[in-house]
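# Remarks on the overall topology
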Amino acid sequence: MSLTFIAPPLQQINSEIARHAGVDLYVLRLDLMHPWVNGNKWFKLKYNLLEAKEKNFTTLLTFGGAYSNHIYATAAAGNLFGFRTIGVIRGEERLPLNPTLSFAVQQGMQLVYLSREMYRQRNTPKLEEYLQQRFGEVFIIPEGGSNLNGVRGCTEIIDRAIITFDRICVACGTATTLAGIALSLHEGQRAIAFPVLKNGAFLAQEIESLLTNYLASGLPAPYTSPASWELVCDYHFGGYAKMNNDLLFFSQQFTKEHGVPLDYVYTAKMFYGVMDLLKQGFFCKGDRLLLVHTGGLQGNVGMEERLQRFSKI
Ligand SMILES: Cc1ncc(COP(=O)(O)O)c(C=O)c1O
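Residues numbered from 1 in each chain as written. Predicted model: local features only at pLDDT ≥ 70, side-chain atom pairs only at ≥ 80, totals over all residues. Heavy atoms only, no water.

In this section: the sheet that holds strand β5 (residues 110–114). Strand order in the open sheet formed by four strands is β5-β4-β3-β6, with parallel pairing between adjacent strands. Every interior strand has two partners, whereas the edge strands, β5 and β6 (139–141), have only one. Taking each pair of neighbouring strands and ignoring which way they run, the sheet shows an average axis angle of 25°. Taken together, the six bridges between strand β3 (residues 59–64) and strand β4 (residues 84–90) define a ladder with parallel strand orientation. Each bridged residue has a counterpart across the sheet, and for Thr-62 the counterpart in β4 is Gly-87. Set on the sheet, helix α2 (residues 40–54) makes contact with β3 and β6; between it and β6 the angle comes to about 170°. (Pairing = 2+ DSSP bridges. Helix = DSSP H or I, 4+ residues; strand = E, 2+ residues; numbered from the N terminus. Axes fitted to C-alpha atoms, helices over the stretch in contact; angles between N-to-C directions. Contact = heavy atoms within 4.5 Å.)

Below, the structure is given as structure tokens:
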């Protein structure tokens with residue numbers, strides 16, 4: 001199973017702030033790998049798709065919100081690899097479909113809507129049974145591709161960088177991506193995750209259990225030394241998909257200065273956090289820092305309406 005990807009470029013960021021902090025700053029541009037299946041999405045999907053193929057499933061079923069990057073990428077990847085896809089969407093149907101869901105439908109995805117209450121049961125055997133009964137034999141991928149197959153794919157992200165880095169920074173939702181990266185670090189390297197949700201400290205426990213379950217599963221981990229990671233919880237901007245003028249301005253300026261587009265839900269918050277921490281002397285002089293661009297740019301289209309509101313302020 002293969003897809004024509006471009007090798008994600010490693011882009012050096014020439015920033016006065018980084019120079020002043022004595023730090024070398026690079027971005028791993030996973031957003032450029034493929035027009036539709038890019039960022040951390042491909043890494044989370046890869047082994048799920050392989051398992052589905054090996055087990056002769058013809059249909060993938062997964063979950064997401066109406067603007068989900070995961071729904072978008074699963075619809076496209078399913079189409080490219082010859083799977084039928086079903087997207088279980090949180091909440092009621094809203095017409096006309098937003099750009100994320102229109103794209104998913106164009107890729108052949110069948111959309112099914114679940115009330116928020118029912119959607120909350122998405123990881124329970126009861127709902128799974130209901131979905132299997134309704135749709136027949138389907139290969140279920142959890143929301144966001146967040147399972148051990150997802151972690152496994154993310155252990156391959158850092159392979160893509162040709163230089164060795166001291167600190168690897170990544171935006172964090174479920175922490176699947178962070179777990180995969182942490183499992184692939186050499187001694188002396190450390191992964192730093194920036195939760196985009198409010199009160200993200202709870203993720204520490206999730207990360208520990210993801211790492212423990214992964215190592216217990218026998219799936220391959222490039223390095224088995226204790227994974228080195230930390231959470232920086234101060235850059236959520238009010239919570240998931242929340243933003244303010246400060247974040248908007250930062251993101252637009254960063255794109256203008258360095259030619260790196262950012263999405264407002266994930267990468268803008270992490271990049272903002274890193275630049276702010278550089279000013280505070282959080283990193284050591286001589287550190288080589290890698291910022292993983294996890295994609296998600298399709299989501300900016302859906303944010304347009306909100307952005308227009310901000311620009312009027
Ligand atoms: C663009 C983008 N960046 C980062 C993340 C966070 O990934 P994770 O849920 O693995 O922490 C997501 C969610 O999958 C995402 O869509």
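Additional details are given in the paragraphs that follow.
As a further point, take the nonpolar core. Buried together is how nonpolar side chains tend to be arranged in soluble globular proteins. Core analysis: the biggest nonpolar cluster contains 46 residues, and Leu-49, Ile-157, Ile-181 and Val-292 have the highest contact counts within it. A domain-level breakdown of this core finds at least three residues from each of domain 1 (10–36 + 148–312) and domain 2 (40–145). If we ignore the near neighbours within four places in the chain, the residues touching Ile-181 are Cys-154, Ile-157, Ile-158, Ile-168, Val-170, Ala-191 and Val-292. (Core = buried A, V, L, I, M, F, W, Y, C linked by side-chain atoms within 4.5 Å. Buried < 20%, exposed > 50% of the residue type's maximum accessible area, 1.4 Å probe, protein only. Domains from an automatic or database assignment.)

Now for the UniProt feature "active site" (unreviewed entry) in the protein chain. According to UniProt, the "active site" (unreviewed entry) feature falls on Ser-68. If near-sequence neighbours (up to four positions away) are discounted, Ser-68 is found in contact with Thr-100 and Gln-298. (UniProt positions renumbered as here; feature names shortened; annotations may be inferred.)

Another aspect to go through is the domain arrangement of the protein chain. Taken domain by domain, the protein chain comprises domain 1 (10–36 + 148–312) and domain 2 (40–145). At the interface, 22 residues of domain 1 touch 20 residues of domain 2. Counting the surface domain 1 buries against domain 2, the share from its top three residues, Trp-36, Asn-149 and Gln-298, is 38%. The interface formed by domain 1 and domain 2 holds nine residue pairs in polar contact (both at pLDDT 80 or more) in total. If you list the elements that add at least two residues to the side of domain 1 that touches domain 2, you get α7 (148–154), α8 (176–182) and α12 (298–302). For the side of domain 1 that touches domain 2, the element with the highest residue contribution is α7, accounting for five residues. Residues that form the side of domain 1 that touches domain 2 fall into these classes: seven nonpolar, twelve polar and three charged. (Buried area = accessible area lost by both parts, 1.4 Å probe. Polar contact = N/O pair within 3.5 Å; in protein donor to acceptor, adjacent residues only side chain to side chain. Nonpolar A, V, L, I, M, F, W, Y, C, P; charged D, E, K, R; others polar.)

A few words now on the site of the ligand. Surrounding the ligand, one finds 15 residues, the nearest of these being Lys-41, Gly-173, Thr-174, Thr-177 and Thr-294. A distance of 3.2 Å separates an oxygen atom of the ligand from a polar atom in the side chain of Asn-40. Within the side chain of Lys-41, an N or O atom sits 2.7 Å from an oxygen atom of the ligand. Burial of the ligand by the protein amounts to 97% of the accessible area it has alone, namely 390 Å². When residues of the shell around the ligand are traced back to their parent elements, those giving at least two are α2, β7 (167–172) and α8. Take the shell around the ligand: its biggest share by element is three residues, from α2. In terms of residue class, the shell around the ligand is built from four nonpolar, nine polar and two charged. Both of domain 1 (10–36 + 148–312) and domain 2 (40–145) provide at least three residues apiece to the shell around the ligand. (Near = heavy atom within 4 Å. Areas by Shrake-Rupley, 256 points an atom, 1.4 Å probe, with all protein chains shown as cover.)

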